[in-house]
Protein chains: 2
Amino acid sequence: MLPNIFHNGRQLSRIFQCTLQMYRQRSLTTGVNEIPLSKDHYNIKRGPFSVATDADIKHFESILPAGNQILLGLEETVGYNRDYFKYVRGLGAIVLKPRTSEEVSNIMRYCNNKRLAVSVFGGNTGVCGGSIPVFDEIILSMDLMNRVESIDKYSGILVCESGCVLGKLEEELAMEGMMMPLDLGAKNSCQIGGNVSTNAGGIRLLRYGSLHGSVLGLEVVLADGTIMDLMSNVKKDNTGYHLKHMFIGSEGTLGVITRVAIACPTATKTQNVLFLGLRDYSSVLRTFLECKACLGEILTSFELIDRDALECCIEHLRTSSPIGSYPFYVLIETTGSSKQHDAEKIRDYLEHVIGHGIVSDGVVTNEPSKITKLWQLRERIPEATYSNNFCLTFDLSLPLKNFYDIVPAMKDRVGHLVKLVCGFGHIGDSNIHLNIAGDELTPEIAELIDPFVYEFTRKLRGSISAEHGIGLLKPKYLKYSKSAESIDLMKQLKLVLDRNGILNPYKVLC
Amino acid sequence: MLPNIFHNGRQLSRIFQCTLQMYRQRSLTTGVNEIPLSKDHYNIKRGPFSVATDADIKHFESILPAGNQILLGLEETVGYNRDYFKYVRGLGAIVLKPRTSEEVSNIMRYCNNKRLAVSVFGGNTGVCGGSIPVFDEIILSMDLMNRVESIDKYSGILVCESGCVLGKLEEELAMEGMMMPLDLGAKNSCQIGGNVSTNAGGIRLLRYGSLHGSVLGLEVVLADGTIMDLMSNVKKDNTGYHLKHMFIGSEGTLGVITRVAIACPTATKTQNVLFLGLRDYSSVLRTFLECKACLGEILTSFELIDRDALECCIEHLRTSSPIGSYPFYVLIETTGSSKQHDAEKIRDYLEHVIGHGIVSDGVVTNEPSKITKLWQLRERIPEATYSNNFCLTFDLSLPLKNFYDIVPAMKDRVGHLVKLVCGFGHIGDSNIHLNIAGDELTPEIAELIDPFVYEFTRKLRGSISAEHGIGLLKPKYLKYSKSAESIDLMKQLKLVLDRNGILNPYKVLC
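Everything numeric here is computed off the predicted structure, so don't read it as measured data.

## What to know about the sheet that holds strand β6 (residues 157-161) of chain B
All names here are of chain B.
Logical step 1: Read across the open sheet, the five strands follow the order β5-β6-β9-β7-β8; overall the sheet is antiparallel. Edge positions in the sheet fall to β5 (148-152) and β8 (227-230), since each has one partner strand and no second. Each neighbouring strand pair of the sheet contributes to a mean axis angle of 10°, computed without reference to strand direction.
Logical step 2: Pairing analysis gives five bridges linking β6 to strand β9 (residues 256-263), with the strands arranged antiparallel. Paired with Val159 across the bridge in β9 is Ala261.

Here you go:
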């Protein structure tokens, strides 16, 4: 059930509707037909696109002659018209599943000529509605483009099609003693093409950096069907403008990524997880600084959990904390190549931070089952907070000195009106998730939150979407992280690459 | 003295002149006026730009009111009109030295309105003539924009102006326990803005990745004077298109980089260098694979030197090899956080590779003076090969399996006509430097080399300029690494960002 506020949404003032637009409760038990259509819920006007006819479908059949490449009708395409979190719902009644870049090219050329809008669909694990149609866009599913083309263990480069599932790639690489440079909770569903299109982050970013560093080459099919060969077999290439980066993080609005070349690190052999309790935020910062200095090259993740977040998670999981109660916890993961060396580094580090009173308490383990349990205390916080009637989540980047300030600030504003205001996230990457949960999301609460959160972030020159992207849900918030000149240049690039605006319309730019 | 072939150049066929264009000998003792003017030597036609008048100079004086911000006349500007390697010479008689982004903006807006061409000048350490004017372009020197704005040791982010010298930034960061993610031989001259504009690589790339991963934000002044604020205080930001990457590696043709935010690693505490001898190239590959597995997280550099390159270097430096004579040598550098752990890892690694007969001989040291001596055997090879009458150098990326094939292939073609064909470089980054040196560069030799080297590289989908860029010298070779569609898109982007083509004309795209 959606909370009342949404049932009565139409009675609210227009300003308030806008404010609440992206704050619909995620209720995972909601039936598909109970999810409001995005076009209605977000009040979107259909673009000047054609409506697909039987003749168009016939043409698609000629482009995709093998069986099982086309789905027709809303019943068949239902899984392609809603996201996992049920934020959005579309009406795309045609799903096309190309097997080759040439098929993608033929589809795009035809759609461009016919002014048919296209929505690109990967593993459907996005959280901003970026891959779900809004109206009747043709859905281009990359499911069948899932071949691993080569793994060069010498150069450390994987080349594959964009529909490959991240977890499968990880398995293939493991057989060659390699690993993917990114790891995500959604790895068993998400596709590498979607990861690249959304510049996915994840829990290894602190160690292995962003996809802008790892992605070596892309093949992209442009809106007009041009196959843009930006592939590379090598790590360094300074010949002309570095075009591939335009497509990394552009959420399928500038082109369809069909192939990917990515630099992959050598697999690590050891894994340790530390779970530490700290008495205040300045201790968190000192712990992080000491961690970077002492654990240096074996540091992989440094995650923050505040007391309210941990307590909510523990209650939800019906488990207990491995240590006493503290205002802050950090989860540190190390990976390396020598069990003994890592253990010694960790021992020295703990002696130092506990000896100097920076860390109050902690546990450390290298046992896989215990590692999983400790990671659950971080990874299952979102699920725990979502068990409330409503839960708003923000994915912010903030400079570390002021990283946590948003949580007490928000508690001051709405703490008396909600059940939970908590902060957690990838502090090693300056990325905090702020969750606010309670029984009923009233206009009063919503107005105390938005635009405060965004203005707070803008003042610190942070990002209002650190890793989740913009998609359908956040275009109107773009201005809080991007200058007018930047947004104008984005629109010019969109025009250069997709003159008719047929690719993922209504997303990213509004 | 230039070799005869160039003195007689005009008597050669036009085709041969083209072939030889970029192969002029680097003779570092050549006087400035002996360097042919780029416009003549590379046969370039002046673009449809205005010629600066006294009124223009008056206007520049009003934009730059403080003293020492303007140099006038070819005698004053001589240092801005030739590169270190004396490949190129220009005729820019006006040097402007803005102190602020606003001054850059005012200059660009004025030049754009008046159709005055502008050449952006950093530390003048480029090797493709990218920062030297060809005709009378206004020279925009970034020398005075050299302020460090902030160092955030918690987030690990440096913010500075683009004229900061790399080595100075390294010093400032060291005081905070941090380091730059890149290191270059030219670090005491080159500027961070130039590093970013050329996507500089260097000897730490294997460990810390490319600038596309490290650069978090840029401020760029566009050709029309727009100040494009793409700065960031944080590591993750997925709000809209990732515009800053358009300017990384575009060699000043799309905008003037004025400020940089860059992620900087924690300083390492230990340093070791291994120098190993190997009997064949397959042993080099095995050594690299084992190195990645055993040394893993402490591996910083993995460099290749072949026998001819080492012998040339040793003779030039009047030194001796630390080990016997082998077809191949690798120089491995490790940096880490524990002297003892690093030593143990290295010991285990050497026992393994020597025990298994992969490596034939080797030395290892952690003494700074010995480390410097070993690095000289790699870093001074170029200087040694340039001591020949002529020396051609190629900066190629090739997949590691075929990395060294270019050297014997070239020996087969020209070995009997020249004194030296050798290969060395950043094998850890798939980047080989192929040098060919001898007494006289004849048309026969040149035609055996070009286009063979480029076609060889294209067949393997390598890069014809791994780290040096395109600049003035290589636009016509771009097609060997980039598709026609890519080059067309580059030209469209240039039009979007610099409609009048006033920024660094004649460079990158021709």
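## Notes on the domain arrangement of chain A
Residue and element names in this part refer to chain A.
Logical step 1: You can read the domains of chain A as domain 1 (148-263) and domain 2 (270-381).
Logical step 2: In this structure, domain 1 and domain 2 have C-alpha centres spaced 30 Å apart.
Logical step 3: Contacts between the two partners involve five residues from domain 1, matched on the other side by 11 residues from domain 2.
Logical step 4: In this assembly, domain 1 packs against domain 2 so that about 610 Å² is buried in total across both faces, 53% of it on carbon and sulfur atoms.
Logical step 5: Ranking the residues of domain 1 by area buried against domain 2 places Ile203, Leu206 and Arg207 at the top, with a combined share of 89%.
Logical step 6: Here domain 1 is connected to domain 2 by zero salt bridges.
Logical step 7: Taken together, domain 1 and domain 2 are joined by five residue pairs in polar contact (both at pLDDT 80 or more).
Logical step 8: Grouping the amino acids of the side of domain 1 that touches domain 2 by side-chain chemistry returns three nonpolar, no polar and two charged.

## Topic: the pairing of strand β15 (residues 420-426) of chain A
All names here are of chain A.
Logical step 1: Along β15, seven of the seven residues are buried, which leaves the element largely enclosed by surrounding structure.
Logical step 2: When strand β11 (residues 299-306) meets β15, the two strands line up antiparallel, connected through two bridges. Bridge pairing links Leu304 to Gly425 in β15.
Logical step 3: In this structure, β15 lies alongside strand β16 (residues 431-438), joined through seven bridges in antiparallel fashion. Bridged to His426 within β16 is Asn431.

## Topic: the interface of chain A and chain B
Logical step 1: Taken together, the 91 residues of chain A in the interface contact 91 residues of chain B.
Logical step 2: Carbon and sulfur atoms supply 57% of the area buried between chain A and chain B, which totals about 7,300 Å² over both sides.
Logical step 3: Its largest share of buried area at the contact with chain B, chain A owes to Tyr154, Lys236 and Tyr241 of chain A, together 14% of the area lost on that side.
Logical step 4: At the surface where chain A touches chain B, the tally comes to eight salt bridges.
Logical step 5: With a shortest N-O distance of 3.2 Å, Lys482 of chain A and Asp237 of chain B are connected by a salt bridge.
Logical step 6: Counting every contact that joins chain A to chain B gives 50 residue pairs in polar contact (both at pLDDT 80 or more).
Logical step 7: When residues of the side of chain A that touches chain B are traced back to their parent elements, those giving at least two are α8 (205-208), α9 (211-214), β8 (227-230), α10 (244-247), α11 (281-294), α13 (339-355) and α19 (484-497) of chain A.
Logical step 8: No other element matches α19 of chain A, which puts nine residues into the side of chain A that touches chain B.

## Examining the relation of the copies chain A and chain B
Logical step 1: Relative to chain B, chain A is turned by 180° and slid 0.0 Å along the rotation axis, the superposed coordinates differing by an RMSD of 0.0 Å. Given the turn and translation reported, the copies of this chain are related as if by a two-fold rotation axis. Residue Gly213 of chain A, judged by its C-alpha, is the member of chain A lying nearest the rotation axis, at 2.0 Å.
Logical step 2: Both copies contact each other with a shared surface, as 100% of the interface residues of chain A are interface residues in chain B too.

## Description of the pattern of salt bridges
All names here are of chain A.
Logical step 1: One pass over the full model with this rule turns up 42 salt bridges over all chains.
Logical step 2: Here Asp183 makes a salt bridge to Lys187, at a shortest N to O gap of 3.4 Å.
Logical step 3: Among the salt bridges present, the one from Arg279 reaches Asp280, with a minimum N-O distance of 3.9 Å.
Logical step 4: A relative accessible area of 46% means that Arg279 is categorised as partly exposed.
Logical step 5: The exposure class assigned to Asp280 is partly exposed, which follows from its relative accessible area of 27%.

## Looking at the packing of aromatic side chains
Logical step 1: Evaluated as defined, the whole model comprises 34 aromatic pairs over all chains.
Logical step 2: Ring geometry for Tyr84 of chain B against Phe85 of chain B: centres 5.0 Å apart, planes inclined by 85°, an arrangement best described as edge-to-face.
Logical step 3: Between Tyr326 of chain B and Tyr329 of chain B, the ring centres sit 6.4 Å apart and the planes meet at 80°, which makes this aromatic pair edge-to-face.
Logical step 4: Its relative accessible area of 18% is what places Tyr326 of chain B among the buried residues.
Logical step 5: Its relative accessible area of 2% is what places Tyr329 of chain B among the buried residues.
Logical step 6: Following the ring pairs from residue to residue traces out a cluster consisting of Phe394, Tyr454, Tyr477 and Tyr480 of chain A.

## Quick look at the packing of helix α16 (residues 406-414) of chain B against helix α18 (residues 452-459) of chain B
Residue and element names in this part refer to chain B.
Logical step 1: It is at 11 Å that the axes of α16 and α18 come closest, and there the two elements cross at 150°. Relative to α18, the element α16 is oriented roughly antiparallel. Our pair here, α16 against α18, has a crossing hand that is right-handed. Side by side, α16 and α18 meet where Ile406, Ala409, Met410 and Arg413 of the first sit next to Phe452, Val453 and Phe456 of the second.
Logical step 2: Residues belonging to the contact of α16 with α18 are distributed by class as follows: six nonpolar, no polar and one charged.

## Quick word on helix α6 (residues 166-174) of chain B
Logical step 1: When we look at burial in α6 of chain B, the residues that qualify are Leu166, Gly167, Leu169, Glu170 and Leu173 of chain B. All buried residues of α6 of chain B fall inside an arc of 160° around its axis, so they share one side.

Cut-offs and rules
Residues numbered from 1 in each chain as written. Chains lettered and ligands numbered in written order. Predicted model: local features only at pLDDT ≥ 70, side-chain atom pairs only at ≥ 80, totals over all residues. Heavy atoms only, no water. Pairing = 2+ DSSP bridges. Helix = DSSP H or I, 4+ residues; strand = E, 2+ residues; numbered from the N terminus. Axes fitted to C-alpha atoms, helices over the stretch in contact; angles between N-to-C directions. Domains from an automatic or database assignment. Contact = heavy atoms within 4.5 Å. Buried area = accessible area lost by both parts, 1.4 Å probe. Salt bridge = Lys/Arg side-chain N within 4 Å of Asp/Glu carboxyl O. Polar contact = N/O pair within 3.5 Å; in protein donor to acceptor, adjacent residues only side chain to side chain. Nonpolar A, V, L, I, M, F, W, Y, C, P; charged D, E, K, R; others polar. Buried < 20%, exposed > 50% of the residue type's maximum accessible area, 1.4 Å probe, protein only. Least-squares fit on C-alpha atoms with pLDDT ≥ 70 in both. Phe/Tyr/Trp six-rings, centres within 6.5 Å; stacked < 30°, edge-to-face > 60°. Parallel < 35°, antiparallel > 145°, perpendicular 65-115°, else oblique. Left-handed = near helix turned anticlockwise from the far one by under 90°. Arc of directions from axis to C-beta.

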